[in-house]
Amino acid sequence: MNIPIRPRRNRQSEAIRALCRETLLCPGDFIYPLFIQDQPHHDAIASMPGCYRWDIEGLLGEIDDAQKVGIHSIVLFPAIDDALKTSKAEECFNPEGLVPRAIRAIKETHPHINVITDIALDPYNSDGHDGIVAKDGRIRNDKTIEVLCNQALCHAQAGADVVSPSDMMDGRVGVLRNALDTEGFKDVSILSYTAKYASAFYGPFRGALDSAPKSGDKKTYQMDYANSREAIREAHLDEDEGADILMVKPAGAYLDIIQRMREVTSLPIAAYQVSGEYLMIKAAAEAGWLDEEKIILETLTSIKRAGADMILTYFAKDAARLLG
Ligand code: PBG
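Trainee: Give me the lowdown on the site of the ligand, citing residues and values where you can.
Mentor: Taken together, 18 residues lie around the ligand, and Arg206, Lys218, Lys249, Ser275 and Tyr314 are the ones closest in. Here a nitrogen atom of the ligand sits 3.0 Å away from a polar atom, N or O, in the side chain of aspartate 122. For the ligand, a nitrogen atom lies 2.8 Å from a polar atom in the side chain of serine 166. For the shell around the ligand, the class distribution of residues is eight nonpolar, three polar and seven charged.

Below, the structure written as structure tokens:
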């Protein structure tokens, strides 16, 4: 048959497929989210099989394991005792709190690990919201930013390399940048959750930290999943306010957002394969319905192909091992 153009020629062996491959994952792409708790032991997380809430010693061991397979960036999420949760979330800037202690321990034992911290109030807030809740139930944008600044400065003081606001308040990147610079933390980066959608994919994470909102939902600050132009608006704002890295979250169902954002910014883009995405894969694999290892690499490659430079994923260690 006269078919001169045959794309299959470039697929006929693994050797030629390797030459033609456009997207390559490597362990250096991953940021490993780690949960911590102020207990003398670690606990399995019921809502996220295969994940743990670590005590500080266990955390250091897990970082050792991750480092061995080539992961050098982690992000910390604390489970805070109920007794320490208040409506103003003051515990989030306690210099002797769980997160600053964990940062100091990591920096002492693993000085080359890139320590990223979550900037938001939900683990500390008795209301379970990322911001301060007013009497009328509304989330107070500017008041929240004041507390976020205290939180970021507390983490920077303890040695955090990157602070990562996940709260979605307006204007927080610029105010955080100014607070960090004024206090002498010019080298602390801001990884902004730029397009964070109000998503049911976060359910298992809220179970892990017992951080679900006590009333209402997060739709007045997290984005409507029906929107994509709005993500570009947020990207321009964060870039102008001085963000170092922009994030899209969740990742898998939002590849179009990653791709669109890639076209309008020269900043690096992070994407977060969130707890619900992790759990869907875990559950299907446990039922014997999907091949876990293959799905991990396929989903992560798709996220990178869409335009993400780095990926936050609970599979970081598994994926790095598979690539090794
Ligand atoms: C809260 C925060 C959430 C996640 C990261 N930071 C949950 C939320 O916004 O309700 C979700 C991560 C995941 O689902 O894996 N600031």
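Trainee: Before we move on, can you summarise helix H10 (residues 292-306) with the specific residues and values?
Mentor: In a regular helix each residue adds 1.5 Å, so 15 residues correspond to 21 Å; H10 covers 21 Å between its end C-alpha atoms and thus fits that length. Where H10 is concerned, the buried positions are Ile295, Ile296, Leu300, Ser302, Ile303 and Ala306. For H10, the buried positions fall inside an angular range of 155° around the axis, keeping them on one side. Turned more than 90 degrees from where H10 packs its buried face, Lys294, Glu298 and Arg305 sit exposed. In this fold, the buried residues of H10 make contact with strand E1 (30-37), helix H8 (255-264), strand E11 (269-273), helix H9 (275-286), strand E12 (310-313) and helix H11 (316-323). For H10, the capping residue at the N-terminal end is aspartate 291, with a side-chain oxygen 3.2 Å from the backbone nitrogen of glutamate 293. Of the residues trailing H10, glycine 307 is marked for its positive phi of about 135°.

Trainee: An account of the packing of H10 against H11 is needed here, citing residue identities and associated values.
Mentor: Two numbers describe how H10 lies on H11: the axes approach to 10 Å, and their chain directions differ by 95°. Taken together, the axis directions place H10 and H11 in an arrangement best described as roughly perpendicular. Between H10 and H11, the residues in contact are Glu293, Ile296, Leu297 and Leu300 and Asp318, Ala319, Leu322 and Leu323, respectively. In terms of residue class, the contact of H10 with H11 is built from six nonpolar, no polar and two charged.

Trainee: Mind laying out a positive patch on the surface, listing which residues take part and the relevant values?
Mentor: On the surface, a cluster of positive charge is contributed by Arg6, Arg8, Arg9 and Arg11. Relative to the elements of secondary structure, arginine 8 occurs in the segment before helix H1 (14-20). Accessibility expressed as a relative area gives 66% for arginine 8, which makes it exposed.

About the thresholds
- Within any chain, residue numbers begin from 1 and follow the written order of that chain's sequence.
- For a predicted model such as this one, the threshold for reporting local features is a pLDDT of at least 70, and the threshold for listing and counting side-chain atom pairs is 80 or more; totals across whole chains, interfaces and linings nevertheless cover every residue.
- Where side-chain values are given, they derive from all heavy atoms of the structure, hydrogens and water being excluded.
- Whether a residue is near a molecule or strand depends on its heavy atoms: it is near if one of them lies within 4 Å of it.
- Think of a polar contact as two N or O atoms within 3.5 Å of one another; within protein, one of them needs to be a possible hydrogen donor and the other a possible acceptor, and neighboring residues in sequence only count if both atoms come from side chains.
- Each residue gets one label: Ala, Val, Leu, Ile, Met, Phe, Trp, Tyr, Cys and Pro are nonpolar, Asp, Glu, Lys and Arg are charged, and the others, such as Gly, are polar.
- Here a strand is any run of E in DSSP of at least two residues, a helix any run of H or I of at least four, and the numbering for each starts at the N terminus.
- Residue count minus one, scaled by 1.5 Å, sets the expected span of a helix.
- Summary of the burial criterion: residues with accessible area below 20% of their type's maximum are buried, those above 50% are exposed, and those between are partly exposed, where the area comes from a 1.4 Å probe applied to protein chains only.
- Arc definition: it is the arc formed by the directions from the helix axis to the C-beta atoms.
- In this analysis, two residues are considered to be in contact whenever any of their non-hydrogen atoms come within 4.5 Å of each other.
- Every axis corresponds to a line fitted to the C-alpha atoms, with the helix fit spanning only the stretch in contact, and the corresponding angles, defined between N-to-C directions, vary from 0 to 180 degrees.
- Working rule for angles: under 35 degrees goes down as roughly parallel, over 145 as roughly antiparallel, 65 to 115 as roughly perpendicular, anything else as oblique.
- Patches in this entry comprise residues that are over 30% relatively accessible and not in a salt bridge; like charges within 9 Å are linked, as are nonpolar side chains (Val, Leu, Ile, Met, Phe, Trp, Tyr) within 5 Å.
- Note on areas: these come from Shrake-Rupley sampling with a 1.4 Å probe, and a residue is covered only by the protein chains present in the view.
- Should a side-chain nitrogen of Lys or Arg be within 4 Å of a carboxyl oxygen of Asp or Glu, the pair is scored as a salt bridge.
- All tallies of charge rest on Lys and Arg as positive and Asp and Glu as negative; His and the ends of each chain are not included.
- Positions of charges follow a simple convention, taking NZ of Lys, CZ of Arg, CG of Asp or CD of Glu.

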